[in-house]
Amino acid sequence: MTYYLRVWAASARYSITRAMMFRGDLLVWSLVELFWMGVNLLTIDVIYRHTDSVAGWSKHEMMLLVGTSMLIQRFLMGFFWSSLFEMGRNVRTGNFDFTLAQPGNVLFMASTRKLDLDGLMNSAIAAGVVIYSVRQLGLHPGPADVALYAFFVLCGIVIHYSVLVLSISMVFWLSSAQGVEGGYFSMTEFSRLPRQAFRGVVARTLFVYALPVVVVSNTPASSLLHGFNPTLTLWLAGSAAVWFTVAVWTFHRGLRRYASASS
Amino acid sequence: MLRALDKYRHAFLIGLQGNLIYRWNFAVRGFFSLFHLTVVFILWGAAFGGTERLGGFTLNQTLTYFVTLLLLQFFISAFNEDYQISEDIRNGLINQFLLKPINYFGYRFSIFVAARLVSGSLVLVPLLVALPFLWGHLAFPAEPWRLAVGLPAMALSAMVQFSIAYCFGLLTFWFLDIQGFVILSMAVESVLGGQMFPLDLLPSWAYATAQYLPFYYQMYFPAAIFTGRLSDPAQIAQGFVIQLIWVAILLAVNKALWVRGLRRHTAVGG
């Protein structure tokens, strides 16, 4: 465990040093993340110019939900996105040999090679959106509520990570990773929707119960709005465990198909 | 003249073959787009929960707009053309085009047309699969003139899309990595191109301003013609004029960037 922490710390140090060398890039990529968050908030603003409620959620409740979703996604972008995106490319080119040759768990090594400062910096902005929404709603969460919210966000990161690993692992079966990482973004789009918006048995069963994409942001946001709910807590923690297991299993199944640079 | 065009026909055919290799990727991307469409249906379905019309349009008219947008995205959007051009410049592959009697813009545009033909055809598969679910929500206006007017607008939109991507690709002459600029621009395009919400839902001053920007003509303009969000002939005619002006401006910028970029370009080795 200590060994992996040291490996991660070394990768983080390298990434930070590199980011400081290319400060212009860091600025541009920070703006990219900021703009995309702005796009989501603007969409909410435009919709609520024409209606007062979406599935029973007011404008600031919706901002809390979207802010939570963005917070989870920014953490994922900061810690894992670049490494996993690169993994997709490396599998195709054969450069994945380098990762396989490293002394450690392959998925860990492939997931933690890079740290994106821009994603992590923007997680502060996403947190700002959450705090702003909480204030606008007149909520006063105590330390226990904040700790529970943080735990839910952590579960959300695990779920998002698992969905991303599953998407990128498709590259072992396809000839190119081009487009497949879009699977992650498609799935996480659901996390910006309130659970009550899913009407009909099929939509509810598939997106609310079978896939973890709705529960991932709705549970933390609901915990701030309505307090602790044991069923939702178990549901989210269980989903995180199950999806992480499925992602690791799929990655290792795919790894068996990897034919190295000589293919 | 025909002989001169023949090389671009070959480039088109090579593009067709090259893109067919990645047919499964396009198909997967098309399938994932259905997820996006599902999000759109759920979000807008909930937004219309207490009201019959938003911005003067019904739920089905709004959903039809988003389905049209999806189709247009696969037929005319620039996917990774900017990245391909950037790679050509960074890796020196562009050198071969400087030595041969072929126009790089023409070559790239031929490949772009081939790529969109493949991706556009492939997105029809998931859309046809989803058609039984979509059918009840599709509310296209039954006016044939919209097709006659919308198709040229769509062709010009493809030009706008490609020209913007080409500009970003050529920025590689000045910058090592252009991906940040591209994704930054995508965020702007997604809002001002009408991908997040129909632009007519914006406050009137913002909508009026958007009509003078190139992003409006990337997708919203043909989509609005096809789906009945634009009906006033004078407004459509004005749209065509502005779209043509933007095509001309972007082509001029393409040319200027190419000429100035080549002055900075250094080719080493053979």
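These numbers come from a predicted model, not from an experiment.

Some words on the overall build of chain A
Working step 1: Each helix and strand in chain A was counted, giving 11 helices and zero strands.
Working step 2: The linear arrangement of helices and strands in chain A, starting from the amino end, is α-α-α-α-α-α-α-α-α-α-α.
Working step 3: Since a compact globule built from 263 residues should have a radius of gyration of about 18 Å, the 19 Å found for chain A is in line with a globular shape.
Working step 4: Here the C-alpha coordinates of chain A stretch approximately 60 × 45 × 35 Å along the principal axes.
Working step 5: Taken across its 263 residues, chain A has 44% of its residues classed as buried.
Working step 6: Look at the contacts in chain A between residues 6 or more apart in sequence, and 79% of them connect residues 24 or more apart.

Thoughts on the overall build of chain B
Working step 1: Along chain B, the regular secondary structure elements total 11 helices and two strands.
Working step 2: For a compact globule of 270 residues, the expected C-alpha radius of gyration is about 18 Å, and chain B comes in at 20 Å, within 12% of that figure.
Working step 3: For chain B, the spread of C-alpha atoms along the three principal axes comes to 65 × 40 × 40 Å.
Working step 4: Contacts in chain B between residues far apart in sequence, at least 24 positions, make up 83% of those at least 6 positions apart.

Digging into the interface of chain A and chain B
Often the size quoted for an interface is simply the accessible area lost on bringing the parts together.
Working step 1: With 33 residues of chain A at the contact, the number on the chain B side is 33 residues.
Working step 2: Residue assignment for the side of chain A that touches chain B shows that the elements contributing at least two residues are helix H2 (23–48) and helix H8 (182–188) of chain A.
Working step 3: Of the residues forming the side of chain A that touches chain B, the biggest block, 12 residues, is contributed by H2 of chain A.
Working step 4: Along the lines of polarity and charge, the residues of the side of chain A that touches chain B split into 20 nonpolar, 11 polar and two charged.

Focus: unusual backbone geometry
Working step 1: Of note, the phi angle at Ala 55 of chain A is positive, near 55°, even though the residue is not glycine.
Working step 2: Within the secondary structure, Ala 55 of chain A is located in the loop between H2 and helix H3 (59–93).

Comments concerning the packing of helix H6 (residues 104–134) of chain B against helix H7 (residues 145–170) of chain B
All names here are of chain B.
Working step 1: Interhelical geometry of H6 versus H7 gives an angle of 125° and a closest axis separation of 11 Å. The pairing of H6 with H7 is recorded here as oblique in orientation. For the pair H6 and H7, the sense of crossing is right-handed. Residues Phe 105, Arg 108, Phe 109, Phe 112 and Arg 116 of H6 form the contact with H7, whose own contacting residues are Ala 158, Phe 162 and Tyr 166.

Remarks on the packing of H3 of chain A against helix H10 (residues 215–226) of chain A
Working note: a packed helix pair is described by the angle between its axes plus the distance between those axes.
Residue and element names in this part refer to chain A.
Working step 1: At a minimum axis separation of 9 Å, H3 and H10 run at an interaxial angle of 130°. In terms of their interaxial angle, H3 and H10 are classed as oblique. Regarding H3 and H10, the two cross each other, and that crossing is right-handed. On the side of H3, the interface is formed by Glu 61, Leu 64, Leu 65, Thr 68, Ser 69 and Ile 72, while H10 contributes Val 216, Ser 217, Asn 218, Pro 220, Ala 221, Leu 224 and Leu 225.
Working step 2: Along the lines of polarity and charge, the residues of the contact of H3 with H10 split into eight nonpolar, four polar and one charged.

Considerations on the confidence of the model for chain B
Working step 1: Chain-level pLDDT for chain B is 90 on average; 99% of the residues reach the 70-or-more range.
Working step 2: Scored by ipTM, the complex comes to 0.86, with pTM at 0.85.

A word on the nonpolar core
Looking at soluble globular proteins, one finds that nonpolar side chains tend to be buried together.
Working step 1: With 144 residues, the main nonpolar core has Leu 76, Leu 164 and Val 214 of chain A together with Leu 43 of chain B as its most contacted residues.
Working step 2: In terms of residues, this core owes the most to one element, H3 of chain A, which gives 17 residues.
Working step 3: The residues contacting Val 214 of chain A, other than those within four sequence positions of it, are Phe 190, Ser 191, Leu 193, Arg 195, Phe 198, Phe 207 and Val 208 of chain A.

Digging into the environment of Arg 253 of chain A
Working step 1: Topologically, Arg 253 of chain A is positioned in helix H11 (residues 230–255).
Working step 2: Between the alpha carbons of Arg 253 of chain A and Leu 41 of chain A there is a distance of 39 Å; along the sequence they are 212 residues apart.

Re helix H4 (residues 81–90) of chain B
Residues and elements named next belong to chain B.
Working step 1: Those residues of H4 that sit buried are Glu 81, Asp 82, Ile 85, Ser 86 and Ile 89. All buried residues of H4 lie within an arc of 135° about the axis, which places them on one face of the element.
Working step 2: Buried residues along H4 sit against H6, H7 and helix H8 (179–192).
Working step 3: Positioned one or two residues after H4, Gly 92 has a phi angle of 80°, which is positive.

Some remarks on the environment of Val 165 of chain A
Residues and elements named next belong to chain A.
Working step 1: With respect to the helices, strands and loops of the structure, Val 165 is situated in helix H7 (residues 143–169).
Working step 2: With 85 residues separating them along the chain, Val 165 and Phe 80 place their C-alpha atoms 9.7 Å apart.
Working step 3: Among residues more than four places away in sequence, those in contact with Val 165 are Leu 84, Ala 247 and Phe 251.

Observations concerning the environment of Pro 152 of chain B
Working step 1: The topology assignment puts Pro 152 of chain B in helix H7.
Working step 2: Judged by the 13 C-beta atoms lying within 10 Å of it, Pro 152 of chain B is partly exposed.

How each quantity is defined
- Residues numbered from 1 in each chain as written.
- Chains lettered and ligands numbered in written order.
- Predicted model: local features only at pLDDT ≥ 70, side-chain atom pairs only at ≥ 80, totals over all residues.
- Helix = DSSP H or I, 4+ residues; strand = E, 2+ residues; numbered from the N terminus.
- Rg over C-alpha atoms; globule rule 2.2 N^0.38 Å.
- Buried ≥ 20, exposed ≤ 12 C-beta atoms within 10 Å, placed from the backbone.
- Contact = placed C-beta atoms within 7 Å.
- Nonpolar A, V, L, I, M, F, W, Y, C, P; charged D, E, K, R; others polar.
- Axes fitted to C-alpha atoms, helices over the stretch in contact; angles between N-to-C directions.
- Parallel < 35°, antiparallel > 145°, perpendicular 65-115°, else oblique.
- Left-handed = near helix turned anticlockwise from the far one by under 90°.
- pLDDT = per-residue confidence, 0-100.
- Core = buried A, V, L, I, M, F, W, Y, C linked by C-beta atoms within 7 Å.
- Arc of directions from axis to C-beta.

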